[in-house]
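Coordinates in review
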Amino acid sequence: MDESRSVRFAVAAGLTGLAWGYLRHRRDPRAPLIALLQAAEWFVAYGGATALIARARAALEKPLDEPDEEVERIIHIRQVVSERTGTEG
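All values reported here derive from a predicted model rather than from experimental measurement.

**Focus on the overall build of the protein**
- Scanning the protein from terminus to terminus reveals 3 helices and 0 strands.
- The helix and strand sequence of the protein, counted from the amino end, reads α-α-α.
- Across the 89 residues in the protein, those meeting the buried criterion constitute 17%.
- Long-range pairs, those at least 24 residues apart, make up 54% of the contacts in the protein with a sequence separation of at least 6.
- Summed over its atoms, the accessible surface of the protein is roughly 8,600 Å², and 56% of this surface lies on carbon and sulfur atoms.

Shown next as C-alpha cells:
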C-alpha cells in the first residue's frame, strides 16, 4: 500500500477512534481527552505515524535546486594478490 493510501486509512481509523472513544466514555467529564487519546492510538496502530515519517523522509531526500551532478558509484572492487618469492627474474 502506498503512503497516500496508508495515511488516508490511518486518518479514517483515527476519526473512528475519536468517535468510538467519545461514545464509549460520553458520561465521563474527560471524554474529549480520552477520545483524542483513542484517536491517536488507532492512528498509530493503523500505520499513520509510519506513513507520515515516510512522507517526511521523501520530502527531505528530494534534491535541492542544485544542478544535476553525475554520481559515480563503485559496485565492484577487484583485489589482485601476487606472491613474491624474493628472487627477481
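**Considering the environment of A39**
- Among the secondary structure elements, A39 is positioned in helix α2 (residues 31-45).
- For A39 and G17, which are 22 residues apart along the polypeptide, the C-alpha to C-alpha distance reads 4.3 Å.
- Those residues in contact with A39, other than ones at most four positions away along the chain, are G14, G17 and L18.

**Structural notes on helix α1 (residues 3-24)**
- Taking 1.5 Å of rise per residue, the 22 residues of α1 would be expected to cover 32 Å, and the 31 Å separating its terminal C-alpha atoms lies within 8% of that figure.
- Its buried side turned inward, α1 meets α2 and α3 (48-61).

**Quick look at the confidence of the model for the protein**
- Per-residue confidence for the protein gives a mean pLDDT of 83; residues scoring 70 or more make up 90%.
- The secondary structure element of the protein with the lowest average pLDDT is α3, at 85, and the one with the highest is α2, at 91.

Basis of the calculations
- Along every chain, residues carry numbers that run from 1 in the direction the sequence is written.
- Predicted model: local features are reported for residues with pLDDT of at least 70 only, side-chain atom pairs are reported and counted for 80 or more only, and whole-chain, interface and lining totals are derived from all residues.
- Heavy atoms from the whole structure form the basis of all side-chain values; hydrogens and water molecules are not counted.
- In this description a helix means any DSSP run of H or I spanning at least four residues, a strand means any run of E spanning at least two, and both kinds are numbered starting from the N terminus.
- Buried residues are those whose accessible area, probed at 1.4 Å on protein chains only, stays under 20% of the maximum for their type, while exposed residues exceed 50% and partly exposed ones sit between those limits.
- The contact definition used throughout considers only heavy atoms, calling two residues in contact when any of these lie within 4.5 Å.
- All accessible-area figures derive from a Shrake-Rupley calculation using a 1.4 Å probe, and residue coverage is judged against the displayed protein chains alone.
- To estimate how far a helix should reach, multiply one less than its number of residues by 1.5 Å.
- Confidence of the predictor in every single residue is expressed as pLDDT, which spans 0 to 100.

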